[in-house]
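# Understanding the architecture of this molecule
One-letter residues, chain by chain:
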Amino acid sequence: MNNHDHRSAQVKTPSIYPTKTKAQITIIFFIVIGFYLYSMVKTQQEMVGGFNNAISNMWNVMLKFFPPNLEVIGAVWPPMATTIQMAIIATTIATILTIPLALLSAQNITTSKPLYYTTRTILNILRTIPDLVLAVIFVGLFGIGVLPGILALIVFSLGILAKLISETIEAVDMNPLEAMRASGANSIQMIAYGLVPQVLPQFTSFVLYVLELNIRASVVLGLVGAGGIGLILDQQLGFYNYPNAMTIILVIFVVVLTIEYISNKIREALI
Amino acid sequence: MNTQTLPPKPKVSIWKKIKRALIVLIIIAIYVWTFVGIEIEWDRALERISRNFGVVIPKLLSPDWSQLGKVSASMLETIFIAFAGTFMAAILALPLGFLAAQNMSGSKFIAGIGKWILSAIRAFPNLILAILFVVAVGVNAFAGVLAIAIGSIGMLGKLYSEVVESIDMKIVEAMEATGANKIQILFYGYLPQIIPEFLSYAIYRFEIDIRASSILGLVGAGGIGTMILFAANNREWNEMGLILLAIIIVVTVIDFFSARIRRKIV
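Residues numbered from 1 in each chain as written. Chains lettered and ligands numbered in written order. Predicted model: local features only at pLDDT ≥ 70, side-chain atom pairs only at ≥ 80, totals over all residues.

## With respect to the overall build of chain B
A count of helices and strands for chain B gives eleven helices and zero strands. Listing every helix and strand of chain B by position from the N terminus yields α-α-α-α-α-α-α-α-α-α-α. At 26 Å, chain B has a C-alpha radius of gyration far larger than the 18 Å of a compact globule built from 266 residues. If one aligns the C-alpha atoms of chain B with their principal axes, the spans along those axes are about 75 × 75 × 45 Å. Per-residue burial over chain B gives 39% buried out of 266 residues. Pairs at least 24 apart in sequence give 73% of the contacts found in chain B among residues at least 6 apart. (Helix = DSSP H or I, 4+ residues; strand = E, 2+ residues; numbered from the N terminus. Rg over C-alpha atoms; globule rule 2.2 N^0.38 Å. Buried ≥ 20, exposed ≤ 12 C-beta atoms within 10 Å, placed from the backbone. Contact = placed C-beta atoms within 7 Å.)

## As for the overall build of chain A
On a plain count of helices and strands, chain A comes out with eleven helices and zero strands. For chain A, the succession of helices and strands along the chain, N to C, is α-α-α-α-α-α-α-α-α-α-α. Put simply, chain A has 271 residues, and 35% of those count as buried. Look at the contacts in chain A between residues 6 or more apart in sequence, and 71% of them connect residues 24 or more apart.

## Observations regarding the environment of Gly228(A)
Residues and elements named next belong to chain A. Tracing the backbone shows Gly228 in the loop between α9 (187–221) and α10 (229–238). In this structure Gly228 comes out as buried when scored by C-beta crowding, with 27 C-beta atoms within 10 Å. Considering only alpha carbons, one finds Gly228 and Ala81, 147 residues apart in sequence, at a separation of 8.0 Å. Contacts of Gly228, omitting those with residues within four sequence positions, involve Pro79, Thr82, Thr83, Met86, Gly149, Ser218, Val219, Leu221 and Gly222.

## Describing the nonpolar core
All names here are of chain B. Ala130 and Ile243 are the most contacted members of the largest nonpolar core, which totals 132 residues. Among the elements that make up this core, the one with the highest residue count is helix α3 (residues 68–100) (15 residues). Ala130 has contacts with Ala143, Gly144, Ala147, Leu216, Val219 and Ala221, leaving out every residue within four places of it along the chain. (Core = buried A, V, L, I, M, F, W, Y, C linked by C-beta atoms within 7 Å.)

## As for the interface of chain A and chain B
Between chain A and chain B, the contact holds 46 residues from the first and 48 residues from the second. Of all the elements in the fold, those that place two or more residues in the side of chain A that touches chain B are α2 (19–43), α3 (50–64), α4 (73–104), α5 (113–128), α6 (131–142), α7 (146–170), α9 and α11 (242–270) of chain A. Of the residues assigned to the side of chain A that touches chain B, the class counts are 32 nonpolar, ten polar and four charged. (Nonpolar A, V, L, I, M, F, W, Y, C, P; charged D, E, K, R; others polar.)

## Notes on the UniProt feature "domain: ABC transmembrane type-1" (unreviewed entry) in chain B
As recorded in UniProt, the sites labelled "domain: ABC transmembrane type-1" (unreviewed entry) are residues 75–258 of chain B. From the first C-alpha to the last, residues 75–258 of chain B spans 18 Å; its make-up is 84% helix and 0% strand. (UniProt positions renumbered as here; feature names shortened; annotations may be inferred.)

## Re the UniProt feature "transmembrane region" (unreviewed entry) in chain B
All names here are of chain B. UniProt tags residues 21–38, 79–101, 215–234 and 240–259 as "transmembrane region" (unreviewed entry). Taken end to end, residues 21–38 is 94% helix and 0% strand, and its two terminal C-alpha atoms sit 26 Å from one another. The span residues 215–234 is 45% helix and 0% strand, and its two end C-alpha atoms sit 17 Å from each other.

## Here's the deal with α9(A)
In an α-helix, one turn spans 3.6 residues; hence positions three or four apart end up facing the same way. Taking 1.5 Å of rise per residue, 35 residues should cover 51 Å, yet α9(A) covers just 43 Å from first to last C-alpha, more than 12% shy of that figure. Within α9(A), the axis deviates most sharply at Val196(A), by approximately 50 degrees, and proline Pro197(A) lies no more than four positions further along. (Expected span 1.5 Å × (residues − 1). Bend = angle between axes of the 7 residues up to and from the residue.)

## Considering the packing of helix α8 (residues 175–182) of chain A against α9(A)
Residues and elements named next belong to chain A. Look at α8 against α9: their axes get within 9 Å of each other, and the N-to-C directions meet at 150 degrees. Between α8 and α9, the angle is such that the two are roughly antiparallel. Our pair here, α8 against α9, has a crossing hand that is right-handed. Across the interface between the two elements, Pro176, Leu177, Met180 and Arg181 of α8 pack against Gln189, Met190, Tyr193, Gly194 and Leu195 of α9. Taken together, the residues of the contact of α8 with α9 break down into six nonpolar, two polar and one charged. (Axes fitted to C-alpha atoms, helices over the stretch in contact; angles between N-to-C directions. Parallel < 35°, antiparallel > 145°, perpendicular 65-115°, else oblique. Left-handed = near helix turned anticlockwise from the far one by under 90°.)

## Concerning the packing of helix α6 (residues 126–137) of chain B against helix α7 (residues 141–165) of chain B
Residue and element names in this part refer to chain B. At a minimum axis separation of 8 Å, α6 and α7 run at an interaxial angle of 140 degrees. On the basis of the axis angle, α6 is oblique to α7. You can see that α6 and α7 cross each other, and the crossing is right-handed. Here Asn126, Leu129, Ala130, Phe133, Val134 and Val137 of α6 lie close against α7, whose contacting residues are Phe142, Ala143, Gly144, Leu146, Ala147, Ile148, Ile150 and Gly151. Residue composition of the contact of α6 with α7, grouped by class: eleven nonpolar, three polar and no charged.

## Focus on α6(B)
Residue and element names in this part refer to chain B. Between its first and last C-alpha, α6 extends 16 Å over twelve residues, near the 16 Å set by a 1.5 Å rise per residue. A large share of α6 lies buried, amounting to eleven of its twelve residues. Just downstream of α6, Gly138 is the residue with a positive phi angle, here 95 degrees.

## A word on unusual backbone geometry
Non-glycine residue Tyr240(A) carries a positive phi angle of around 55 degrees. Along the chain, the position of Tyr240(A) falls in the loop between α10 and α11. For Arg235(B), which is not a glycine, the phi torsion comes out positive at approximately 55 degrees.

## Regarding the environment of Pro201(A)
Residue and element names in this part refer to chain A. Along the polypeptide, Pro201 turns up in helix α9. The partly exposed category is assigned to Pro201, around which 14 C-beta atoms lie within 10 Å. Between the C-alpha atoms of Pro201 and Ala269, which are 68 residues apart in sequence, the distance is 9.6 Å.

## Details of the confidence of the model for chain B
Averaged over all residues, the pLDDT of chain B is 85; the fraction at 70 or higher stands at 99%. The complex model carries a pTM of 0.81, and its ipTM stands at 0.80. (pLDDT = per-residue confidence, 0-100.)

## Some thoughts on the environment of Leu146(B)
Summarising the element assignment, Leu146(B) is placed in helix α7. A count of 26 C-beta atoms within 10 Å places Leu146(B) in the buried class.

Encoded structure:
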């Protein structure tokens, strides 16, 4: 009798997930899969020869890129340098412009609600526009060259940087500042010894992060005529000169990895 | 006499001073290199802007509503590309994520290889991948899907591996001690710990991919970028205004819902 009870209790052990949740998850799962399959069908509509043909073709085409023509590395370096320079200038200017913006969009500094929400909204809208779209518009305004690229990078990184830094400022511990005021510090001393030391490591780390993003972004800006290495990549692809294009891609790859490595090391040391 | 003196400043060792001086020197050198190296053609740019500003900006701000049908169709295609790409990446990143997690792959060496592969993938900008896939599978949206998928694996794999590395092994041990078998441990020990965060990261990546896929068309990989390219080449700034508006609205709406879903999951 006792044994039987024990067994029936074991059979009826309820699942840890309630039935309703299970049903919900199943439905969501099928919706996601369904939408995925539909997307796959939709995106392959215009494909000539269908999926299988494309995949078998891919290997043949990829082989055209190899071996990369390493003789052109000398010619690839100057535009690569321009690309890095564009990113450095853009990051510097964005960093300077971001300070007032970050203060304006930090709730504990900007006590005026309308001002705070206006800055926030503008920054949010800025962040939704992809960098390359900005570059297209600036190229339309300024013509082909380095300047539209730099401007696009500035606007793009401003949105990200101001958001990250304003969040850091909002997380600042106000107690040391109050203690300083209580012991008779003036506002400049409060900012210099109370606020800046708390924000600076994060600030530097975010600036380096944005520099990384900008270098990645500036690599492709040339594709729309906004200067840098993307321009010659576009040309070489236009001439169907795939080994040269591969060299450019490899140079980009190495530079991005190197800068990411250095910036990671610095950031680890900072925080 | 009770003169007030400030507390002494903390002593800085000589090595630290040398290090600081070196850092300052390096930064100055970088800036000198930058500003000497770059060539900005100010005259031409200023002449252009004075001519274009009054034409382009007002047109951008008054969108051409007659193109609404075309723009929404290609915005929809952009969403399809991003969704299919993110979905593929979310699945394909699983093995790489586990490989790069030290507590799963067992050895530091194998995890190192996994991490290296993931950061190598991350080093390729999305658009470069798109160029490669356009050459490979032709000028169509599927090239965009592949570019998004491969591009997202790098970041998702890295985030997955961090989640797996932070698994609480005590739960697994407790289950082992109470006699659970391997499959039970997988379903009730590992999965409940990792699935919410995996999903949350995949949804976050979808947000990024929506932005990324809206520019893929600039290299021929489908989506609304194709329209951006045509509008810019034909200087149809009214149409560009509508495209911009479409991107801003769609990205904002998707960001909003994705943030809500993620808050609910984790």
